[in-house]
Amino acid sequence: MTVLKIVLIGDGGVGKTAIRERYLGKGFKAQYLLTIGADFAMRDDDVSGKHIRYQIWDLAGQQRFDAVREVYYKGCVGALLVYDVTRPDSYFNTPKWINELWTNNGRGRVPIVVVANKIDMRELSDDTVSPEQGRIFTDRLSNLTKPEGFTCHYVETSAKTGVNIQKAFQLLGTNIMRFVDGQRKTSRSTTSRIRSTVPGQRQY
Ligand SMILES: Nc1nc2c(ncn2[C@@H]2O[C@H](COP(=O)(O)OP(=O)(O)OP(=O)(O)O)[C@@H](O)[C@H]2O)c(=O)[nH]1
Ligand SMILES: [Mg+2]
């Protein structure tokens, strides 16, 4: 069984916990109960024909938790980066989250799915983040990760209606499997290069 540690990141109140609960089949709560530090959950899923287990760390987005959040990134292989389409500030803050993720996970650049959440509320507000803005940002992000062998994806969700929640996790899982396989190949070729320089050892 492949275990994938992932994190849910993004500003406070954008809907990370609501997305996690929806994914876990727990429905939707309209009341906002902010996450303190981090919440942890697990779910098994099938990704690219393989059975995997997600270890989901749902991090607290409020600024007061900035200092405690760092430790939860260690060893994670991917993230759902969530913003709220009705709060442009949460979209403009996404680079801060990417920086925090890539600085603290110990692996550098790992796959990200950019999640534009609360699309059920788009019609109710004048000042919203457009799908185009989301896509342009994600394309730029992909240009940064392409050299590592993977791209990043954009998805529009509503934890309230449930639309595309499953898809967000699928996209992330698929990208992570690609990333992990790529890393395995690289480390294997590095190992064989080292082995081949040691006399008397078989080369793999
Ligand atoms: N209409 C609508 N409301 C949502 C959606 N997702 C979340 N909410 C609401 O937004 C509020 C905040 O959601 P949370 O999931 O707690 O936000 P969070 O990102 O976990 O916030 P922190 O834990 O503080 O980082 C709650 O009142 C949710 O019910 C959505 O897709 N549509
Ligand atoms: Mg939360």
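The sections below set out a description of the structure shown in this document. Because the structure is predicted, anything quoted here is derived from the model rather than measured.

1. Remarks on helix 4 (residues 94-104)
By the burial criterion, the buried members of helix 4 are T94, W97 and L101. Down the axis of helix 4, the buried set is contained in an arc of 60 degrees. They therefore lie on one face. Facing away from the buried side of helix 4 by over 90 degrees, the exposed positions are P95, N99 and T103. On the buried face of helix 4, the contacting elements are strand 1 (2-9), strand 4 (78-84), helix 3 (88-92) and helix 5 (131-145). One or two positions beyond helix 4, positive phi appears at G106, with a value near 85 degrees.

2. With respect to the site of ligand 1
G15, T17, Y32, T35 and G61 are the nearest of the 23 residues found near ligand 1. With three residues, helix 1 (residues 16-23) is the single largest residue contributor to the shell around ligand 1. Looking at side-chain class alone, the shell around ligand 1 contains eight nonpolar, 10 polar and five charged residues.

3. Observations regarding the sheet that holds strand 2 (residues 38-47)
Reading across from one edge, 2-3-1-4-5-6 is the order of the six strands in this open sheet, with mixed pairing throughout. In the strand order of this sheet, the two ends are held by strand 2 and strand 6 (153-156), each with one partner. This sheet shows a mean twist of 25 degrees between the axes of neighbouring strands, independent of strand direction. Relative to strand 5 (residues 112-117), strand 4 is paired through six bridges, and the arrangement is parallel. Following the sheet pairing, Y83 is matched in strand 5 by A116. Relative to strand 3 (residues 50-59), helix 1 is tilted by about 150 degrees, and along the sheet it contacts strand 1, strand 2, strand 3, strand 4 and strand 5.

Rules used throughout
Residues numbered from 1 in each chain as written. Chains lettered and ligands numbered in written order. Predicted model: local features only at pLDDT ≥ 70, side-chain atom pairs only at ≥ 80, totals over all residues. Buried ≥ 20, exposed ≤ 12 C-beta atoms within 10 Å, placed from the backbone. Helix = DSSP H or I, 4+ residues; strand = E, 2+ residues; numbered from the N terminus. Arc of directions from axis to C-beta. Contact = placed C-beta atoms within 7 Å. Near = placed C-beta within 6 Å. Nonpolar A, V, L, I, M, F, W, Y, C, P; charged D, E, K, R; others polar. Pairing = 2+ DSSP bridges. Axes fitted to C-alpha atoms, helices over the stretch in contact; angles between N-to-C directions.

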